[in-house]
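# Descriptive analysis of the structure
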Amino acid sequence: MKQACALLLLLVSTRIACAQAPGVPVYAEGRGARPNAVLMEQAKKLQGASELLSMTKALEQAQRTQCDITLPAADSKPLSPRERWQRARMSHLRVGQLYLCSKCDKWHLDLSGGYAITADGAVATCAHVIAPPPNMKEGWLVVATEEDVILPVTEVLACNIGTDCAIIRVKSGQPLTPLPLSLDVSPGDSVWCFSDPSGKRGYFSEGIVSRFVKRSFMTKKEADKLPEGTEAPKPVWLETTTDWAPGSSGSALIDQFGNAVGHVSEIQTVIEDALPTRKKKSEATVIHQLGTQMVFHQAIGAVEVKALVKIP
């Protein structure tokens, strides 16, 4: 009987150990999962050693509109599903701020997405990802790898608030895994996104390109601050059925070859219109529940990231 139980336990443990392929991470969630605590400790140590870029300096550098970097050529060899996931995961970085909160006077680590575009440390993300949080007393830009290692941001290479694009440089002890940029994308093409929606680490989703649109990203208040006579930028938006959520901003959207064709920027939800409610003394009040009809997932096209890079 004891031998039978031991054998059963061995079989169960073997099945658990082989629940996923070699090298596939299993992300911890719920109580006891404290990845941000580990990252916070690293970030505060780097901040104490004056190795992080302050948000004050980052905002000054964000006035740069172009940078001089060499981008890798787009790939044309189709990748297998596992290879696509691996490419997306290895290039994915978490970008954000370590900051002291003006409301609670505590330290926070706020991270979204980004992706390497050169092996020597150039990383693309959204302009709104590197913008300071509204409740920031003081802060510093940081980047975290998939292996939960904090990398210092050394500078903001280029930024365009109007097209929600930014390129930063990070200091890494080893080469990054860059994604080539590609403009060869069409409605109907399959695309994939590796991101951390709502803090859910390592979510890999698939969809198709739905359409391209051109509209402003800036709010009217932001556009009014532009120099007189300046037209507000209207970036190329790539709409897709791929899933993402808050926290995914700045994460790459890749094609079948592992090229970045855009990055996550917005979500627009279409809500059911409320029906007029008539109230009479003889009638009970009818509460009409509004429902979500459709969610638009909108990425900024890779063409806008390329516009931040000087043409040789």
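About the cut-offs
- All residue numbers refer to positions counted from 1 along the written sequence of the respective chain.
- Under the rules for a predicted model, residues below a pLDDT of 70 receive no local features and side-chain atom pairs below 80 are neither given nor counted, while totals for whole chains, interfaces and linings still include all residues.
- Each side-chain value is worked out from all heavy atoms of the structure, with water and hydrogens disregarded.
- The way it works is that DSSP assigns letters per residue, a run of H or I at least four long becomes a helix, a run of E at least two long becomes a strand, and they are numbered from the N terminus.
- When a residue's accessible area, from a 1.4 Å probe over protein chains only, is under 20% of the maximum for its type it is buried; when over 50% it is exposed; and in between it is partly exposed.
- In what follows, residue pairs with any heavy atoms lying within 4.5 Å of each other are defined as contacts.
- Throughout, the Shrake-Rupley method with a 1.4 Å probe supplies accessible areas, and for residues the shown protein chains are the sole cover considered.
- Along the chain, pLDDT gives the predictor's confidence residue by residue, from 0 to 100.
- A pair is scored as a salt bridge if a Lys or Arg side-chain nitrogen falls within 4 Å of a carboxyl oxygen belonging to Asp or Glu.
- By this definition, two strands are paired if DSSP reports at least two bridges between them.
- In this text, buried Ala, Val, Leu, Ile, Met, Phe, Trp, Tyr and Cys residues form a nonpolar core when linked through side-chain atoms within 4.5 Å.
- Working definition: rings of Phe, Tyr and Trp (its six-membered ring) pair if their centres are within 6.5 Å, and the pair is stacked with planes under 30 degrees apart, edge-to-face with planes over 60 apart, and tilted otherwise.
- Residues adjacent in sequence count toward polar contacts only when both atoms are side-chain atoms; beyond that, a polar contact is any pair of N or O atoms within 3.5 Å, and within protein one must be able to donate a hydrogen and the other to accept it.

### Re the overall build of the chain
Of regular secondary structure, the chain possesses six helices and 14 strands. The buried share among the 312 residues of the chain stands at 42%. For the chain, the share of sequence-separated contacts (at least 6 apart) that also reach a separation of at least 24 residues comes to 72%. Summed over its atoms, the accessible surface of the chain is roughly 17,600 Å², and 54% of this surface lies on carbon and sulfur atoms.

### Quick look at the environment of Leu 79
One can find Leu 79 in the loop between α3 (55-61) and α4 (81-91). For the pair Leu 79 and Asp 255, spaced 176 residues apart in sequence, the C-alpha separation works out to 9.3 Å. Setting aside anything within four residues of it in sequence, one finds Leu 79 in contact with Arg 84, Arg 87, Gln 256, Phe 257 and Gly 258.

### Considerations on the confidence of the model for the chain
Here the chain shows a mean pLDDT of 89. Residues at 70 or above account for 87%. Here residues 4-16 is a poorly scored stretch, pLDDT under 50, and it has zero contacts once near neighbours within four places are set aside; other chains count.

### Looking at the pattern of salt bridges
Summed over all chains, the structure comprises 14 salt bridges. Here Asp 105 makes a salt bridge to Lys 137, at a shortest N to O gap of 2.8 Å. With Asp 105 in the loop between β2 (92-101) and β3 (107-111) and Lys 137 in strand β6 (residues 136-144), this pair connects stretches of sequence that are 32 residues apart. The class for Asp 105 is partly exposed, based on a relative accessible area of 48%. One salt bridge in this structure joins Arg 201 and Asp 148, with 3.3 Å as the shortest N-O distance. Placement of the pair is Arg 201 in the loop between β9 (190-195) and β10 (203-214) and Asp 148 in the loop between β6 and β7 (150-160), with a sequence separation of 53 residues. A relative accessible area of 16% means that Arg 201 is categorised as buried. It is possible to trace a salt-bridge network through shared partners that takes in Arg 89, Arg 94, Glu 146, Asp 148, Asp 196 and Arg 201.

### A short note on unusual backbone geometry
Of note in the backbone geometry, Asp 105 takes a positive phi value of approximately 60 degrees without being a glycine. We note that Asp 164 has phi near 55 degrees; this positive angle belongs to a residue other than glycine. Relative to the elements of secondary structure, Asp 164 occurs in the loop between β7 and β8 (165-170).

### Comments concerning the pairing of β9
Of all six residues in β9, five are buried; the element is thus mostly enclosed. Looking at chain direction, β9 and β10 are connected through six bridges and run antiparallel. By the bridge assignment, Ser 190 is partnered in β10 with Ile 208. As defined by bridge partners, β9 adjoins strand β12 (residues 252-254) across two bridges and the pair is classed as antiparallel. In the sheet register, Trp 192 faces β12, and the bridge partner there is Ile 254.

### Let's talk about the nonpolar core
Counting residues in hydrophobic clusters, the biggest one holds 27 residues, and the most contacted among them are Cys 67, Ile 69, Tyr 115, Ile 117, Ile 167, Leu 181 and Val 305. Elements represented by at least two residues in this core include exactly α4, β5 (122-125), β7, β8, β9, β12 and α6 (302-306). If we skip the residues at most four places from it in the chain, Ile 167 touches Cys 67, Ile 69, Ile 117, Ala 122, Val 123, Ala 124, Val 156, Leu 157, Ala 158, Val 305, Leu 308 and Val 309. Within the second largest apolar cluster, 22 residues are counted, among which are Met 55, Ala 62, Ala 127 and Leu 141.

### Focus: the packing of aromatic side chains
Centre distance and the angle of the planes are the two values used to describe a pair of aromatic rings. Tallied over the full model, the rule gives three aromatic pairs. Seen from their ring centres, Phe 194 and Phe 204 are 6.4 Å apart, and the 50 degrees between their planes marks the pair as tilted. In this pair, Phe 194 is assigned in strand β9 and Phe 204 in strand β10, connecting sequence segments 10 residues apart. Taking 6.0 Å as the distance between ring centres and 40 degrees as the angle between the ring planes, the aromatic pair formed by Phe 217 and Trp 237 counts as tilted. One end of the pair, Phe 217, is in the loop between β10 and α5 (220-223); the other, Trp 237, is in strand β11 (residues 236-240), with 20 residues separating them in the sequence. Exposure remark for Phe 217: the relative accessible area of 17% places this residue in the buried category.

### Description of the side chain of Gln 61
When you line up the elements, Gln 61 lands in helix α3. Within polar-contact distance, the side chain of Gln 61 engages the backbone nitrogen of Val 156 at 2.8 Å. Not counting residues within four places of it along the chain, the set of residues in contact with Gln 61 comprises Leu 53, Glu 155 and Val 156.

### Comments concerning the environment of Ser 172
Locating Ser 172 in the fold gives a position in the loop between β8 and β9. Residue class for Ser 172 comes out partly exposed when judged on its relative accessible area of 30%. In terms of polar contacts, Ser 172 uses its side chain to reach the backbone carbonyl oxygen of Gln 174, at 2.8 Å.

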